[in-house]
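What the coordinates show
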Amino acid sequence: MYKTISSSQNSLVKKILLLQTKSKARKTQGEFVIEGCREIDLAIQGGYHISQLLWCEELLPEKEFKKIEAKIKCVVVTVTKDIYEKISHRKSTEGLIALAAGKEPFLSDIILSKNPLILVAEAPEKPGNLGALLRTADAANVDAVLIANPITDLYNPNIIRSSVGCIFTNQIVLGSNQEILSFLKTNRIRSYAAALTDESKPYFSFDFQLPTAIIVGTEDKGLSDFWLQNADEKIIIPMQGMIDSLNVSVSAAILIFEAKRQRNFSL
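First, a word on what this report is: a plain description of the structure on this page. Small disclaimer: the values here were computed from a predicted structure and weren't measured. Going along each chain's sequence as written, the residues are numbered from 1 onward. Local features in this predicted model are restricted to residues of pLDDT 70 or higher, and side-chain atom pairs are both shown and tallied only at a pLDDT of 80 or more, whereas totals for entire chains, interfaces and linings draw on every residue. Derived side-chain values reflect all non-hydrogen atoms in the structure, with water molecules and hydrogen atoms excluded from consideration.

In this section: the packing of aromatic side chains. Aromatic rings from Phe, Tyr and Trp, with only the six-membered ring used for Trp, were paired whenever their centres fell within 6.5 Å, and each pair was classed as stacked if the ring planes differed by under 30 degrees, edge-to-face if by over 60, and tilted otherwise. Enumeration over the complete set of coordinates arrives at 10 aromatic pairs. Centroid distance phenylalanine 226 to tryptophan 227: 5.2 Å. Interplanar angle 85 degrees. Geometry classified as edge-to-face. Burial classes follow relative accessibility: with a 1.4 Å probe on protein chains only, a residue under 20% of its type's maximum area counts as buried, one over 50% as exposed, and anything between as partly exposed. The exposure class of tryptophan 227 is buried, given its relative accessible area of 0%. Taken together through their ring pairs, the aromatic side chains of Phe32, Tyr48, Tyr155 and Phe168 make up a single cluster.

This is the structure we're talking about:
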């Protein structure tokens, strides 16, 4: 079913703008906005329910749009270029926006492999960093990304953008520190906290071939005392220059891919 919007005062236009800018609106309405063909395609593959597609034919040729439309059944709203530019969060997203329902999975919903590799991120505060972590997690095909004590809205448009759609390709669950620690212990997953402490040992001195969780904190404060006291091991990436740490997503990538290397990059 097709509809057309030509007025910026349309209620759907106002709704999209609200969802793009207000975390509270996304939470109360249970919906969020996805921009771009690749991101929307990944959301479809990830099983997200998309209720409407907003399509600007001036920016996206019909042939390309039909490739996406063929994969889902939903309302299609055609919009002018002016309307599209008003509701889009990004400067260049190919002329396609989707309205989707968010997910709130539980730790009990996670499907683990026989030898799981998990990334735990405690209270990530910068959308760009969280997006980069999700991109790394997808690249390494980790079992799940667990966000402990979250302070950032998962469906923030900047997270979707910086993750290049990997928010839809990972198993992502939000929980408290204690809930996540209990999950790891219940599933006999050994935890390794990346931390700048005197007790931390070089990451390459550990065996990550058994069930493993890599735990990272914020760039500003690092990990909380909770993980420093409860993780099985504390690990560090030795620095050889003048600074004492790396960007959190870079650090996570080094540690995760060391685990993958030890496992011969098997899935």
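Back to the write-up after that little detour.
Attention shifts here to the environment of serine 108. Helix and strand definitions follow DSSP, with helices as H or I runs of at least four residues and strands as E runs of at least two, each counted in order from the N terminus. By secondary structure assignment, the location of serine 108 is in the loop between β5 (96-101) and β6 (117-122). Remark: the alpha-carbon pair of serine 108 and valine 173, spanning 65 residues in sequence, is separated by 9.6 Å.

This paragraph deals with the side chain of glutamine 52. When you line up the elements, glutamine 52 lands in strand β3 (residues 50-55). A contact between two residues is defined here by any heavy atoms of the two lying within 4.5 Å. Residues in contact with glutamine 52, not counting those within four places in the same chain, are Leu12, Cys74, Val75, Val77, Ile97, Ala98 and Leu99.

With that settled, the discussion passes to the packing of helix α6 (residues 127-140) against helix α10 (residues 248-262). Lines fitted to C-alpha atoms define the axes, with helix axes restricted to the stretch in contact, and inter-axis angles between N-to-C directions lie between 0 and 180 degrees. In contact at an axis separation of 9 Å, α6 and α10 are set at 15 degrees when each is read in the N-to-C sense. The orientation of α6 relative to α10 falls into the category roughly parallel. Crossing hand, α6 versus α10: right-handed. Two secondary-structure elements touch here, α6 through Asn129, Ala132, Leu133, Thr136, Ala139 and Ala140 and α10 through Val248, Ser249, Ala252, Ala253, Ile256, Phe257 and Lys260. When the residues that make up the contact of α6 with α10 are grouped by side-chain class, the tally is 9 nonpolar, 3 polar and 1 charged. To sort the angles, those under 35 degrees are grouped as roughly parallel, those over 145 as roughly antiparallel, those from 65 to 115 as roughly perpendicular, and the leftovers as oblique. Each helix crossing is assigned a hand: it is left-handed if the near helix lies turned anticlockwise from the far helix by less than a right angle, otherwise right-handed if that turn is clockwise. Residues are grouped as follows: Ala, Val, Leu, Ile, Met, Phe, Trp, Tyr, Cys and Pro are nonpolar; Asp, Glu, Lys and Arg are charged; every other residue, Gly included, is polar.

Such coordinate-based values are descriptive only and should not be taken to indicate function.
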